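A look at the structure
What follows is each chain in one-letter form.
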Amino acid sequence: MLATGILLFPGINRERDMAIAVEQSFGRAPRVIWHKETDLSGLDLIIIPGGFSFGDYLRCGAMAAQSPVMQAVKTHAARGGYVLGVCNGFQILTESGLLPGALLRNAGLRFLSMDTTLSVERNDTIFTSHYQKGQVFRAPMAHGDGNYTADPATLDRLEGEGLVAFRYADENRNGSARAIAGIYSPNHRILGLMPHPEDLVDPLMGGTDGKPLFDSLAAA
Amino acid sequence: MKAIVTVMLKDGVLDPQGKAIGHALNNLGFAQVGDVRAGKIIELTLSETDPVAAKVAAEDMAQKLLANMVIESFKVEISA
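Residues numbered from 1 in each chain as written. Chains lettered and ligands numbered in written order. Predicted model: local features only at pLDDT ≥ 70, side-chain atom pairs only at ≥ 80, totals over all residues. Heavy atoms only, no water.

**Section: helix α3 (residues 68-78) of chain A**
All names here are of chain A. Note the cut-off: Burial status follows relative accessibility: with a 1.4 Å probe on protein chains alone, a residue under 20% of its type maximum counts as buried, one over 50% as exposed, and anything between as partly exposed. Secondary structure elements are defined from DSSP: runs of H or I of at least 4 residues count as helices, runs of E of at least 2 residues count as strands, and each element is numbered from the N terminus. Comment: arc refers to directions from the helix axis out to C-beta atoms.
Buried residues of α3: Val 69, Met 70, Ala 72, Val 73, His 76 and Ala 77, and no others. Buried residues of α3, seen end-on, are gathered within an arc of 155 degrees and therefore sit on one face of the element. Following α3 by one or two positions, Gly 80 has its phi on the positive side, about 90 degrees.

**Thoughts on the interface of chain A and chain B**
Frequently, the measure chosen for interface size is the accessible area that the parts lose on association. To keep it simple, the criterion reads: We call two residues in contact whenever any of their non-hydrogen atoms come within 4.5 Å of each other. Buried area adds together the accessible area that both of two parts lose upon being put together, with accessible area traced by a 1.4 Å probe. Any Lys or Arg side-chain nitrogen located within 4 Å of an Asp or Glu carboxyl oxygen qualifies as a salt bridge. Throughout this description, a polar contact denotes any pair of N or O atoms lying within 3.5 Å of each other; where both atoms belong to protein, one of them has to be capable of donating a hydrogen while the other can accept it, and for residues adjacent in sequence the pair is counted only when both atoms sit in side chains. Under the convention adopted here, Pro, Cys and the residues Ala, Val, Leu, Ile, Met, Phe, Trp and Tyr are nonpolar, Asp, Glu, Lys and Arg are charged, and Gly plus all remaining residues are polar.
Taken together, the contact pairs 14 residues of chain A with 16 residues of chain B. Around 1,200 Å² of area is buried between chain A and chain B when both sides are counted, 67% of it from carbon and sulfur atoms. Sorting the residues of chain A by area buried against chain B places A:Leu58, A:Arg59 and A:Leu104 first, and these three jointly supply 43% of that buried surface. Here chain A and chain B share one salt bridge between them. Here B:Glu72 ties to A:Arg59 by a salt bridge, and the two come within 3.6 Å at their closest N and O atoms. Inspection of the chain A/chain B interface yields four residue pairs in polar contact (both at pLDDT 80 or more). Broken down by secondary-structure element, the contributors of at least two residues to the side of chain A that touches chain B are β5 (102-104) and β8 (147-149) of chain A. A breakdown of the residues in the side of chain A that touches chain B according to their chemical character gives six nonpolar, five polar and three charged.

**A short note on the pairing of strand β1 (residues 4-8) of chain A**
Residues and elements named next belong to chain A. Here is the rule we go by: Whether two strands pair depends on DSSP finding at least two bridges between them. Handedness of a crossover: with both strands directed away from the viewer, a clockwise path from the first strand across the helix to the second marks it as right-handed.
When you tally the buried positions in β1, you get five out of five residues, the bulk of the element. Bridging between β1 and strand β3 (residues 45-48) involves three bridges; their strand directions are parallel. Each residue of the ladder has a partner; that of Gly 5, found in β3, is Ile 46. In terms of strand pairing, β1 meets strand β2 (residues 31-34) through four bridges, oriented parallel. Note that in β2 the partner of Ile 6 across the bridge is Val 32. What joins β1 to β2 is helix α1 (residues 15-26), and the crossover it makes is right-handed.

**Thoughts on the confidence of the model for chain B**
Counted only if it meets this: What pLDDT expresses is the predictor's confidence in each residue, scored from 0 to 100.
In this model, chain B carries an average pLDDT of 95, and 100% of its residues clear a pLDDT of 70 or more. The ipTM for the predicted assembly is 0.87, set against a pTM of 0.95.

**Things to note about the nonpolar core**
What counts is decided by this rule: Residues enter a nonpolar core if they are buried and are Ala, Val, Leu, Ile, Met, Phe, Trp, Tyr or Cys, with the set joined through side-chain atoms within 4.5 Å.
A:Leu84 and A:Phe166 are the most contacted members of the largest nonpolar core, which has 68 residues in total. Contacts of A:Leu84, omitting those with residues within four sequence positions, involve A:Leu45, A:Ile46, A:Ile47, A:Ile48, A:Leu93, A:Phe127, A:Leu191, A:Leu193, A:Leu213, A:Phe214 and A:Leu217. Ranked by size, the runner-up nonpolar core spans twelve residues in total, among them B:Val7, B:Ile42, B:Ala58 and B:Ala67.

**Some words on helix α5 (residues 152-160) of chain A**
Residues and elements named next belong to chain A. Taken together, the buried positions of α5 are Thr 154, Leu 155 and Leu 158. The arc that holds every buried residue of α5, seen down its axis, measures 100 degrees, which confines them to one face. In α5, those exposed residues whose orientation departs by more than 90 degrees from the buried face are Pro 152, Ala 153 and Gly 160. Those residues of α5 that are buried are in contact with β8, β9 (164-168) and β10 (180-184). Phi turns positive, to about 70 degrees, at Gly 162, one or two residues after α5.

**Some points on the packing of α1(A) against helix α6 (residues 211-218) of chain A**
All names here are of chain A. Condition: Working convention: axes come from line fits to C-alpha atoms, limited for helices to the stretch in contact. Angles between N-to-C directions cover 0 to 180 degrees. Convention used here: angles under 35 degrees read as roughly parallel, angles over 145 as roughly antiparallel, angles from 65 to 115 as roughly perpendicular, and any remaining angle as oblique. We call a crossing left-handed when the near helix sits turned anticlockwise from the far one by less than a right angle, and right-handed when that turn is clockwise.
Direction vectors running N to C along α1 and α6 enclose 55 degrees, while the axes themselves pass 9 Å from each other. The angle between the axes of α1 and α6 places the two elements in the oblique class. Considering how the two elements wind past one another, α1 and α6 form a crossing that is right-handed. In this structure, α1 contributes Met 18, Ala 21, Val 22, Gln 24, Ser 25 and Phe 26 to the contact, and α6 contributes Lys 211, Phe 214, Asp 215, Leu 217 and Ala 218. In terms of residue class, the contact of α1 with α6 is made up of seven nonpolar, two polar and two charged.

Now the structure itself:
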């Protein structure tokens, strides 16, 4: 079982949802790691949850990307560790340079708080083995800055090298380039995505569409 | 010494805020307004006294934090 830590920055508000989803699939509660900590030894998977770290000042994720714990996450990633970033976590990963591109203000300018649907681009990664390739699943989203962008060469590389993890399946509401909702690092060990699979992991939440992601990680 | 860092989205990057401001100005009757781009200005008060060194430092800050070079460009002006 992957030893898992969830990062906590001031302004993050989805860490409990994430911990519930992890504990439900893993059978063990993750460690919660304050942003000033720098020792991630013994952890296999670092999760950066959603919220509004440091008030989204300057740019979403910009302040968190400079925090002490993110230096440790870079070291963790460089030695092949797993990283999952959701929503603000995805923004922090792009701001840190651990994933390419950036998340711009939603094309329609509105904060989008609603369900969306995602298509699974590949199911041979540690994050998606419990989905089918091409499967479409429901995922809540809640963001003002989820409009994924990168230069055309980077987008071509992401698509050509199989690094697109998820695309918006029904409607691309935030205007993301090529309907990209989530991407992998070249080694497929870092995943960032805007919607919240952790918020659909129990019938009491209205569905379990997000649970296969955590079951995939639990089976790793 | 002050450094004034102006951060703008790069040309070609969609600026929905600029668009919305443009629409609002048109609605207010300013029919002459075409493209609008919105950015931000960051004023830094520096202990530096050498304007060249101040500019170098502010540019370093802009590249490392104040601007996201994937989507933004910046310019630095130094004033006394």
